[in-house]
Each structure stands twice: as C-alpha cells, then as structure tokens.
Amino acid sequence: MSAPKRFFVKKVGDEVVLAGEEYRHAHTVLRLGVGDEVTLLDGSGKEYAAIVSAVSKGNITLHTLGERPSDREPRADVFLLVGLLKGDKTELVVQKATELGVNRIGVFSSEYCAAYMNENKLERLRRVAKEAAKQCLRSRVPEVEYFENFDGAMSASAGYVHKLFACEFLEKSEAEIPDMGASYCLAVGSEGGFTEEEFARAKAAGFTGVSLGKRILRAETAAIALLSVVMYRAGELK
Ligand code: SAM
C-alpha cells in the first residue's frame, strides 16, 4: 500500500479545505474520494493524519485525525546560493537541493550570468521545491528567493556559521569542509562562473573558497556535489 498523499496547507485545524492548486492535484491527478487518508503539512515541521470527508466542485474537505511525528527534516540549517542558470537547470538544482535537505535557496544574478528571472519563473521554482518536498516526504518546503545582484546574495549569508564559496579558479580548497556544523551557507556560480573580484567580495563577506577538484563541473553538478558533501559532513546522509 502506498503512503498517504501529502498536502501543504496554511493552517491545520479540525477541518481543512483544499482549494486551488492543491485541490486540482488531489482531485484531478490523484482522484481522491471520501474516506481516503492523506497527510497534511503546515510547514512547521509537523505532520497530521487526515481523511477526506467531502468532495465538491473546487473543494475537498478533510477531517484531521491527529498529529504524527516526523523526523525527516535535517538538523543542519543549510542555505544554498546558486547563480541563475539557463533553461530549466535552476529547477533541477532546486529539486535536488530540496531532496538533499536545504532549508533555503537563494538564486542570484552576477557579472557573468546570462539568464534572466521574472515572477513566473520564481513561482515555478517555488512549485518545484514544494513538489520535491512532498515527493521526498519532507514536512517543510525550502524558501526560494531571488537576489538581483551578487552583493544581495552575499548580504543574505549574514549569520551563517560556515560559508563556503565554490571557486573554479582555486588550485585547492582554503580549508576542509567543517563537519557537524549547525549552519552552512554555500555559494555556487552560474554557467559563466565567478570573477576574481566577486571572489574577493565573498571573502570579505566571510566565505572560504573551496575547490571541487581539478575538473570544471557544470554549475548544476557543482551545486549538487557541494551540497552532498556538506550534508554528509553535517551527518545528514546516514
Ligand atoms: N565558466 C567557468 C570556467 O570556464 O572556468 C566555469 C564555471 S562552472 C561551469 C560554474 C560554477 O560551478 C563555478 O562558478 C563554481 O561555483 C562551480 N564549479 C565548477 N567546477 C568547480 C571546481 N572544480 N571547483 C570549485 N567550483 C567549481
């Protein structure tokens, strides 16, 4: 038997109504009917068992049965900053980063970035994060933000304990990736990479340069590789 389908809602009470996008998914795609069990998520990290009590045009009403524990959220607070990529590559990074357990994703534009962002694309990235969170059984959806420039992205890194900057022109990493850290901010460039000057600004903002080896990785590979190593070092891939 497959696990109950998962739905993110704003607030969970005794009765919850699914409308809009979540209704369409529940009704049109999953064809849920009265008596089907689902899991509700309110983004707080809690999960709730609920049962479909009524289906009408545009709405599905659920009756909440109770809270159940969730232990799928990572303890480490990881923020991934990634340069805006061409085509659907940013979506790929958002999907994989969500599965690997990031808490927050910041997409930024920088000197050698050749892609552009708009409201629709940002909404699409948020939907990708939500779908990935459901699929991998997370109980929180990572926040997805856009920074119009490199300095905005650097400012957003304030407060993170470990800050790692994937720098393609470094011969070797300036330090080991710290293990069991409570919070990490990771920065990876777009297809065009970083300028020397951006690296200097990142260092001024507290980042340490890391190398991902002698080969130049595609930006999406670099983001997923660095995040995987950090999650491993943070003890999240056991
Ligand atoms: N255009 C750049 C060049 O020709 O050297 C390559 C940029 S690379 C496709 C995109 C991003 O992935 C880089 O800015 C960096 O953050 C990361 N990256 C790729 N390979 C890397 C490596 N070997 N070490 C560290 N970071 C790497």
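Undergrad: Even after reading the chapter, I still don't get the environment of Gly-87, so can you show me in this structure?
TA: With respect to the helices and strands, the residue Gly-87 is situated in the loop between strand S6 (77-83) and helix H2 (89-100). Separated by 28 residues in sequence, Gly-87 and Ala-115 place their C-alpha atoms 8.0 Å apart.

Undergrad: Quick question: what am I supposed to make of the packing of aromatic side chains here?
TA: Think of a pair of aromatic rings as described by two things: how far the centres are apart, and how the planes are tilted against each other in angle. Using the criterion set out here, one finds nine aromatic pairs in the structure. With a centroid separation of 6.3 Å and 85° between ring planes, the pair formed by Phe-150 and Phe-165 is classed as edge-to-face. One end of the pair, Phe-150, is in helix H4 (residues 150-156); the other, Phe-165, is in strand S9 (residues 162-166), with 15 residues separating them in the sequence. Grouping residues by exposure puts Phe-150 and Phe-165 together as buried. For the ring pair Phe-169 and Phe-199, a centre distance of 6.0 Å and an interplane angle of 75° mean the geometry is edge-to-face. Remark: Phe-199 occurs in helix H5 (residues 196-204) and Phe-169 occurs in the loop between S9 and strand S10 (183-188); sequence separation between them is 30 residues. On the basis of relative accessibility, which here comes to 32%, the residue Phe-169 falls in the partly exposed class.

Undergrad: Explanation requested: H2 in the structure shown.
TA: Every α-helix winds through 3.6 residues per turn, so residues three or four apart in the chain are directed the same way. Here H2 contains 12 residues, and its C-alpha end-to-end distance of 17 Å stays within 8% of the 16 Å for a straight helix at 1.5 Å per residue. Every buried residue of H2 is listed here: Thr-90, Val-93, Val-94, Ala-97 and Thr-98. For H2, the angular spread of the buried residues around the axis is 130°, confining them to a single face. The elements touched by buried residues of H2 are S6, strand S7 (104-108), helix H3 (119-135), strand S8 (143-147) and helix H6 (219-233). Two residues or fewer past H2, Gly-101 is found with a positive phi of approximately 105°.

Cut-off values and rules
- Residues numbered from 1 in each chain as written.
- Predicted model: local features only at pLDDT ≥ 70, side-chain atom pairs only at ≥ 80, totals over all residues.
- Heavy atoms only, no water.
- Helix = DSSP H or I, 4+ residues; strand = E, 2+ residues; numbered from the N terminus.
- Phe/Tyr/Trp six-rings, centres within 6.5 Å; stacked < 30°, edge-to-face > 60°.
- Buried < 20%, exposed > 50% of the residue type's maximum accessible area, 1.4 Å probe, protein only.
- Expected span 1.5 Å × (residues − 1).
- Arc of directions from axis to C-beta.
- Contact = heavy atoms within 4.5 Å.

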